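The residues making up each chain are set out below.
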Amino acid sequence: KQQLLGLKHSQQSAIPDGNDMPLCFHLTPPQVIPRKLPITVDVPSRSLTVNLRAFPLSGEQAAAAMASNSVRVAAAQMTSVNDLAANFATCSRLVKEAASAGAKLLCLPESFSYIGARDGDSVKVAEPLDGPIMKQYCSLARESGIWLSLGGFQERGCDDAHLCNTHVIVDDGGNIRSTYRKIHLFDVAVPGGRVYKESSFTEAGKDVVAVDSPVGRLGLTVCYDLRFPELYQQLRFQHGAQILLVPSAFTKITGEAHWEILLRARAIETQCYVIASAQAGQHNEKRESHGETLIIDPWGTVVGRLPDRTSTGITVADIDFSFIDSVRTKLPIAKQRQPIEFWKSSSL
């Protein structure tokens with residue numbers, strides 16, 4: 001059963017050429033033909049939000065999608081707890097919903113497999129990437145025929161007291177294609193909230209990671225990385241990312257203040273799609289997450305959002321590669337930006 005909620009057309013206007021462009025101006029979106037139809041689809045025990053957009057696709061790993069001129073992605077929202085089996089059951093339902101909706105990639109949030117109730121619980125359940133927990137999710141990807149972004153897996157660290165907060169990309173054959181270990185660790189005293197010290201049990205990563213997929217070139221990050229724009233600049237301008245993945249478990253306080261605006265800023269300044277899957281709601285007595293899973297286009301427009309900020313479910317959107325090309329061509333910041341050497345040598 002599908003209920004059509006409405007049709008909303010974005011402004012369509014070409015960016016002025018050099019002869020018409022004033023020194024300071026406000027841009028309307030580049031001339032494309034976005035078609036967004038927000039739809040709710042009744043599925044068992046949850047609501048699925050779908051945003052549709054037609055587009056041509058490019059990319060050497062997407063020949064099948066190119067034939068149909070369509071590629072779809074999904075982002076999940078959930079409330080993980082300290083029960084591996086219960087979390088896997090939730091993820092399994094979300095994966096099946098995404099596959100049924102035609103998504104080629106589903107992004108699960110940080111700590112999708114486990115959130116402990118006490119300090120130290122996450123380290124106790126940490127496993128290597130070839131352990132039984134990750135093997136379950138690899139099998140799920142293979143059985144469902146869908147790529148998975150598993151952001152924020154508790155990977156065993158260098159000793160029994162540490163783990164790595166690892167973003168894992170699994171293909172539709174159940175193979176691990178890439179891993180990124182979170183670089184920026186959440187050592188923060190949240191205003192009006194608790195004190196976090198992620199570095200006390202987590203090893204920081206050192207590598208910037210991007211990987212090709214059927215939905216484009218993915219730039220991998222995790223949660224608190226969002227506050228460090230230089231990582232996203234590297235992913236776009238040095239590693240050729242087209243889609244930035246930001247699986248997260250933002251706190252309720254910081255999420256209400258900064259979550260959406262930071263995500264839209266990263267999309268605008270890199271001219272990439274941003275997929276931000278989020279933990280939501282009350283995990284235990286100590287921990288509550290903001291939620292608000294979002295998919296954002298390169299113009300900074302939200303094209304996928306769950307109707308309920310704290311519900312469990314997925315939002316779906318189509319990636320429009322012609323829109324990426326249009327934005328990047330008419331606002332050629334990749335050509336105009338100054339190299340790092342310029343800033344080192346400049347004086348105030």
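Shown above is the structure to which this text applies.
If you're wondering where the values come from, they're calculated on a predicted model, not measured in any experiment.

Visitor: Please explain helix α7 (residues 321–330) as it appears in this structure.
Guide: The α-helix winds at 3.6 residues per turn, so residues separated by three or four positions along the chain end up facing the same way. The complete set of buried residues in α7 reads F321, F323, I324, S326 and V327. Packing partners of the buried residues in α7 comprise β13 (216–220) and β15 (273–276).

Visitor: Teacher, can you tell me more about unusual backbone geometry here?
Guide: Of all residues except glycine, most have a negative phi; of all peptide bonds, most are trans. The backbone of C223 sits at a positive phi, close to 45 degrees, despite the residue not being glycine. As for its position among the elements, C223 is in the loop between β13 and α5 (229–238). With a phi angle near 65 degrees, E292 is a residue other than glycine that sits in the positive phi range. Considering the arrangement of structural elements, one finds E292 in the loop between β17 (288–290) and β18 (294–296). Owing to a relative accessible area of 14%, E292 belongs among the buried residues under this scheme.

Visitor: Looking at this structure, how should I read the side chain of E155?
Guide: Counting through the fold element by element, E155 comes out in strand β6 (residues 147–156). On the accessibility criterion, E155 (9% relative accessible area) is buried. Within the structure, E155 has its side chain in polar contact with the side chain of R181 (distance 2.8 Å). Sequence-distant contacts of E155, that is, excluding residues within four places in its chain, are made with A126, E127, L129, L163, C164, T166 and R181.

Visitor: Sorry if this is basic, but what is going on with the pattern of salt bridges here?
Guide: Oppositely charged side chains can pair when the atoms bearing their charge come close. All chains considered together, the criterion is met by 13 salt bridges. Across the pair E269 and R266 runs a salt bridge whose closest N-O atoms are separated by 2.4 Å. Of this pair, E269 and R266 both sit in helix α6 (residues 252–270), three residues apart, which is roughly one turn of that helix. Residue classification places E269 among the partly exposed residues on the basis of a relative accessible area of 24%.

Visitor: Any chance you could explain the side chain of S149 here in plain terms?
Guide: If you trace the backbone, S149 turns up in strand β6. Residue classification places S149 among the buried positions, given a relative accessible area of 0%. If near-sequence neighbours (up to four positions away) are discounted, S149 is found in contact with L105, L106, C107, L108, H167, V168, I169 and L245.

Reading the values: rules and limits
- Residues numbered from 1 in each chain as written.
- Predicted model: local features only at pLDDT ≥ 70, side-chain atom pairs only at ≥ 80, totals over all residues.
- Heavy atoms only, no water.
- Buried < 20%, exposed > 50% of the residue type's maximum accessible area, 1.4 Å probe, protein only.
- Helix = DSSP H or I, 4+ residues; strand = E, 2+ residues; numbered from the N terminus.
- Contact = heavy atoms within 4.5 Å.
- Polar contact = N/O pair within 3.5 Å; in protein donor to acceptor, adjacent residues only side chain to side chain.
- Salt bridge = Lys/Arg side-chain N within 4 Å of Asp/Glu carboxyl O.

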